[in-house]
Amino acid sequence: MDLYTCDLCGYYYDPEYGDEENNIHAGTAFEKLSSDWKCPECGASKGEFYKLDYEELDDTYEEDYDTFDALHEEYME
Ligand SMILES: [Zn+2]
């Protein structure tokens, strides 16, 4: 499933983990979140999120990809 990131604060929505604090169960795809779901960090609407594309990041934004990797590991802890 696709990982989405908040354009405003950098929060990552990972469907494998969901957003338990807001009753979003693990395994819920971003597309399935209700339209009034908001970023748990900054309150941004779903529209502020964009999809991360691993392949694109790898080809075009190698530096960003490294940053993403580091942030992602941080978020997983
Ligand atoms: Zn946010």
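Residues numbered from 1 in each chain as written. Predicted model: local features only at pLDDT ≥ 70, side-chain atom pairs only at ≥ 80, totals over all residues.

Caption draft 1: Spotlight on the overall build of the protein. Per the secondary structure count, the protein includes 2 helices and 3 strands. Overall, the protein shows an N-to-C arrangement of helices and strands of β-β-β-α-α. Residue burial in the protein is summarised as follows: out of 77 residues, 9% are buried. The long-range fraction of contacts in the protein, counting pairs at least 24 apart against all pairs at least 6 apart in sequence, stands at 47%. (Helix = DSSP H or I, 4+ residues; strand = E, 2+ residues; numbered from the N terminus. Buried ≥ 20, exposed ≤ 12 C-beta atoms within 10 Å, placed from the backbone. Contact = placed C-beta atoms within 7 Å.)

Caption draft 2: The arrangement of the sheet that holds strand β2 (residues 12-13) in detail. Taking strand neighbours across the sheet as the criterion, the 3 strands line up as β2-β1-β3 in an open arrangement whose pairing is antiparallel. The open sheet has two free edges, formed respectively by β2 and β3 (49-51), since each of these has just one partner strand. Where strand β1 (residues 4-6) and β3 come together, 3 bridges link them in antiparallel fashion. Within β3, the position partnered with threonine 5 by the bridge is tyrosine 50. (Pairing = 2+ DSSP bridges.)

Caption draft 3: Seen up close, the nonpolar core. Core analysis: the largest hydrophobic core is formed by 5 residues, namely Tyr4, Cys6, Tyr13, Cys39 and Phe49. Setting aside chain neighbours within four positions, we find phenylalanine 49 in contact with Tyr4, Thr5, Cys6, Asp7, Tyr13 and Phe30. (Core = buried A, V, L, I, M, F, W, Y, C linked by C-beta atoms within 7 Å.)

Caption draft 4: Representation of the environment of methionine 1 within the structure. If you trace the backbone, methionine 1 turns up in the segment before β1. Considering only alpha carbons, one finds methionine 1 and alanine 29, 28 residues apart in sequence, at a separation of 6.6 Å. If we skip the residues at most four places from it in the chain, methionine 1 touches Pro15, Glu16 and Ala29.

Caption draft 5: Seen up close, unusual backbone geometry. A positive phi angle is found at asparagine 23, which is not glycine, with a value near 60°. Looking at the element boundaries, asparagine 23 is found in the loop between β2 and β3.

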